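Structural overview
Below, each chain spelled out in residue letters.
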Amino acid sequence: MMGGYLDDKFIQGSAAQNPYCFYHWQCIDIFVYFSHHLVTIPPVGWTNAAHRHGVCVLGTFIAEWKEGGRLCEAFLAGDERSYQAVADQLVLIAQFFRFDGWLINIESSLSLAAVGNVPPFLRYLSTQLCRQVPGGLVLWYDSVVSSGQVMWQNELNEQNRIFFDSCHGFFTNYNWREEHLDRMVAQAGERRADVYVGVDVFARGNVVGGQFDTHKSLELIRKHGFSAALFAPGWVYECLEKRDFFQNQDKFWGLLGRYLPPHSICSLPFVTSFCLGMGTRRVCYGQEEAVGPWYHPSAQEIQPLFAEHRPEGDGQGWVKTHCCLEDAWNGGSSLLIRGVIPPDVGHVAVRLFSLHVPVPPKIFLSMVYKLEGPSDVGVALELTTGDAGSCHVGGISTLSAEASSRHSPRPLRVPPTKLARWVGRCGQQLSGGWVQRCYEVNLRGCVLQDLWVSFSRPPGSREQEAFVCRLGELQVVDANSLLSPLPRVQAVSVSRVRWQRAAPEEEEEEEEEEEEEEERRPARLRLSCALHWSYPLSHIRCFRIHCCRATGSPAEGPPGPEKPALLGLAFVNQYRVVDLAVAAAGPGTDGRVEFLVEPVSREGFLVPKAEWGRAALLYSWPHA
């Protein structure tokens, strides 16, 4: 989008306002980060967000124009050692940056010697990648044909089939018609799912459908049993009004929904606060921490199915989901659910997540929500289970007498003492008007398939009920996982320390702000350093990095405790502090900066400060 490497290039996030945000992950299987550099490495934020949703990520190897042709000749026209060396480097890059493979896009004419080595290059790259990267994927774009000329075919045919046979999949050009699809059915054979029919969302050239008519292309692609490659869905951000971005994004993907069956979440614990990885402020469990725009794709949590649900046979009742930056329980956003319960219906429900999880004998569920405005509508979670023949559900009342596998779990009223941290807020009114409800489910031989939220009319009500509800968090947790204590953060270290004096203009601004003070505030410094620590990443959602700053004289003793200030989030065992403002230590005084590493458990409960990791830097006035 827009050349690539925009606000997403900042690994630890940025203060970008109105950035592009993708959140319809449940609809896609593969995400390709595309730009016009020779080798495009997906920014780590995209890789983290995609993998959190079970989506694999590809980088791009692209050769264009005369320069691209020269580069390709250099490694393809020689012997196998040259193209194998390039393939080995591509594998190492994918392995190091932890993404899943490559889209190979050669749009420069090749000599016969070079094009003859493309199939063995693709085979070698595919083989080596799968050895080093589980589930590795190499796709070929429809451009060069077997003669070495750039001739977009808009289909798989005899002129480009040799490349398809040498890798995992084929991405067609965009100017196809239905007759191209008809011909490809025989060409693809049993590998129809490996043919990704290209759709340019910008609708450039002679295309079946793009923009808000993209569903017309998807309809034909699915009719013929092929996969689809949606190129440049950032069109909704680039070409339409930014203020309407979320509305347009939901409209675009909503029109495609019937052709994009959602993939499922396959493991527990399943926890999400619906955070988009951006916001206008930061909130931590209902408490506002910071005000101002922020953007951090790695902080995006698992997103639901965004859809409108209307019960069959009913023309009035409906439920619709939206992302919303106006309020949040944890992070920068929440899930806004609007709906209407018609007079002759007891409740309406909307499916939020598709799952395929073999359920342990006992699970706990948690929901944090709040109703907007005066409303007595009931809010509850519902589950759909599979394997009905052997699935035994205990302690749950079924919603109807029909042969249904949808259940309403009972509230968890008396939590086991070992789960006190997790259930400490259950059933209570929380800050900001939020409410947390917890549930216990006993199952045997079941597969959890769907997670719904249901809205029921108040007792005695017979009129149409409209409601607005915000969901702040959902959790599905294996009870046994809550019995194991969290490890402590170990071995916090500080390295690559750099001190700089603040720029003169910064000093002047501070003096103006504090001109009423009798004494001038100590000079300011800028501290940059790297923090490292040890912790098993499988136990956490992320780390929150804090700092405390103070100065004082040795005779006065250590400075008093300062409230920790949040610096940012980390998703690995390291964090880079950049230009942190600290007070310079004057003559006879010492300065102290303490860094704190707070693990955020996957189950979402707060970890006591005593279990955080800590490291301190002591500094003083330089001696003559």
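Everything quoted here is computed from the prediction, not taken from an experiment.

**Description of the overall build of the protein**
When helices and strands are tallied, the protein shows twelve helices and 30 strands. Each of the 624 residues in the protein was classed as buried or not, and the buried ones make up 51%. Counted over contacts in the protein with a minimum sequence separation of 6, partners at least 24 positions apart contribute 77%. For the protein, the accessible area works out to roughly 28700 Å², and carbon and sulfur atoms hold 50% of it.

**Re the pattern of salt bridges**
Tallied over the full model, the rule gives 23 salt bridges. Between Arg541 and Glu301 there is a salt bridge whose closest N-O contact spans 2.6 Å. Taken as a pair, Arg541 in strand S26 (residues 540-552) and Glu301 in the loop between strand S11 (287-295) and strand S12 (308-309) lie far apart in primary sequence, 240 residues in all. For the pair shown, Arg541 and Glu301 are each scored as buried. Here Glu473 makes a salt bridge to Arg541, at a shortest N to O gap of 3.5 Å. Here Arg541 lies in strand S26 and Glu473 lies in strand S23 (residues 465-478), a separation of 68 residues in the sequence.

**A look at the packing of aromatic side chains**
Throughout the structure, instances matching the rule amount to 34 aromatic pairs. Taking the centre distance of 5.7 Å and the plane angle of 70° together, the rings of Tyr20 and Tyr237 count as edge-to-face. One end of the pair, Tyr20, is in the segment before strand S1 (30-32); the other, Tyr237, is in helix H9 (residues 235-238), and 217 residues separate them in sequence. Taken individually, Tyr20 and Tyr237 each receive the classification buried, so the pair is uniform in this respect. Taking 5.6 Å as the distance between ring centres and 85° as the angle between the ring planes, the aromatic pair formed by Tyr535 and Phe543 counts as edge-to-face. The pair Tyr535 / Phe543 is uniform in exposure class, with both members buried. Joined through ring pairs, the aromatic side chains of Tyr20, Phe22, Tyr23, Trp25, Phe31, Trp46, Tyr237, Phe245, Phe246, Phe252, Trp253 and Phe306 make up one cluster. The lysine or arginine in question, Lys251, covers the ring of Phe212, its NZ or CZ lying 4.1 Å from the ring centre.

**Considering the state of the cysteines**
Evaluated as defined, the whole model comprises zero disulfides. As a non-bridged cysteine, Cys324 has Cys323 as the owner of its nearest cysteine sulfur, 7.9 Å distant. Not engaged in a disulfide, the cysteine Cys548 finds its nearest cysteine sulfur in Cys547; these two sulfurs lie 6.6 Å apart.

**So, the pairing of strand S8 (residues 227-231)**
Pairing between strand S7 (residues 195-200) and S8: five bridges, direction parallel. Looking across to S8, one finds that Val199 is bridged to Leu230.

**Some details on unusual backbone geometry**
For the peptide bond that leads from Leu268 to Pro269, omega is 0°, which places it in the cis range. Unlike most non-glycine residues, Tyr5 shows phi in positive territory, near 55°. Note on placement: Tyr5 falls in the segment before S1. Positioned with a positive phi, Trp65 is a non-glycine residue whose angle comes to about 60°. Relative to the helices and strands, Trp65 is located in helix H2 (residues 65-76).

**With respect to the packing of H2 against helix H3 (residues 80-97)**
Remark: H2 packs on H3, axes separated minimally by 7 Å, with the N-to-C direction vectors making an angle of 115°. Considered as vectors, H2 and H3 are oriented roughly perpendicular to each other. In contact with Ala74, Phe75 and Leu76 of H2, H3 contributes Ser82, Tyr83 and Val86. Per-class residue counts for the contact of H2 with H3 are five nonpolar, one polar and no charged.

**Observations regarding the side chain of Ser454**
Turning to its location among the elements, Ser454 is positioned in strand S22 (residues 447-456). Here Ser454 falls in the buried class, since its relative accessible area comes to 6%. Among residues more than four places away in sequence, those in contact with Ser454 are His347, Val348, Ala349, Gly378, Val379, Ala380 and Glu382.

**Section: the confidence of the model for the protein**
When pLDDT is averaged along the protein, the result is 87, and 87% of the positions lie at 70 or above. Note that pLDDT drops below 50 for residues 414-418; the model gives that stretch three contacts with residues more than four away or on any other chain. Between residues 510-521, whose pLDDT stays under 50, and residues either more than four places distant or in other chains, the model counts four contacts.

**Overview of the packing of helix H8 (residues 214-223) against helix H10 (residues 245-256)**
Put simply, H8 and H10 touch, their axes get as near as 8 Å, and they point 25° apart. Our classification of the angle between H8 and H10 gives roughly parallel. Here H8 and H10 pass one another in a crossing that is right-handed. Contact with H8, carried on its side by Thr214, His215 and Leu218, involves Phe252, Leu255 and Leu256 of H10 and no other residues of that element. Grouping the amino acids of the contact of H8 with H10 by side-chain chemistry returns four nonpolar, two polar and no charged.

What counts and how
- Residues numbered from 1 in each chain as written.
- Predicted model: local features only at pLDDT ≥ 70, side-chain atom pairs only at ≥ 80, totals over all residues.
- Heavy atoms only, no water.
- Helix = DSSP H or I, 4+ residues; strand = E, 2+ residues; numbered from the N terminus.
- Buried < 20%, exposed > 50% of the residue type's maximum accessible area, 1.4 Å probe, protein only.
- Contact = heavy atoms within 4.5 Å.
- Areas by Shrake-Rupley, 256 points an atom, 1.4 Å probe, with all protein chains shown as cover.
- Salt bridge = Lys/Arg side-chain N within 4 Å of Asp/Glu carboxyl O.
- Phe/Tyr/Trp six-rings, centres within 6.5 Å; stacked < 30°, edge-to-face > 60°.
- Lys NZ or Arg CZ within 6 Å of the ring centre and 35° of its normal.
- Disulfide = S-S within 2.5 Å.
- Pairing = 2+ DSSP bridges.
- Axes fitted to C-alpha atoms, helices over the stretch in contact; angles between N-to-C directions.
- Parallel < 35°, antiparallel > 145°, perpendicular 65-115°, else oblique.
- Nonpolar A, V, L, I, M, F, W, Y, C, P; charged D, E, K, R; others polar.
- pLDDT = per-residue confidence, 0-100.
- Left-handed = near helix turned anticlockwise from the far one by under 90°.

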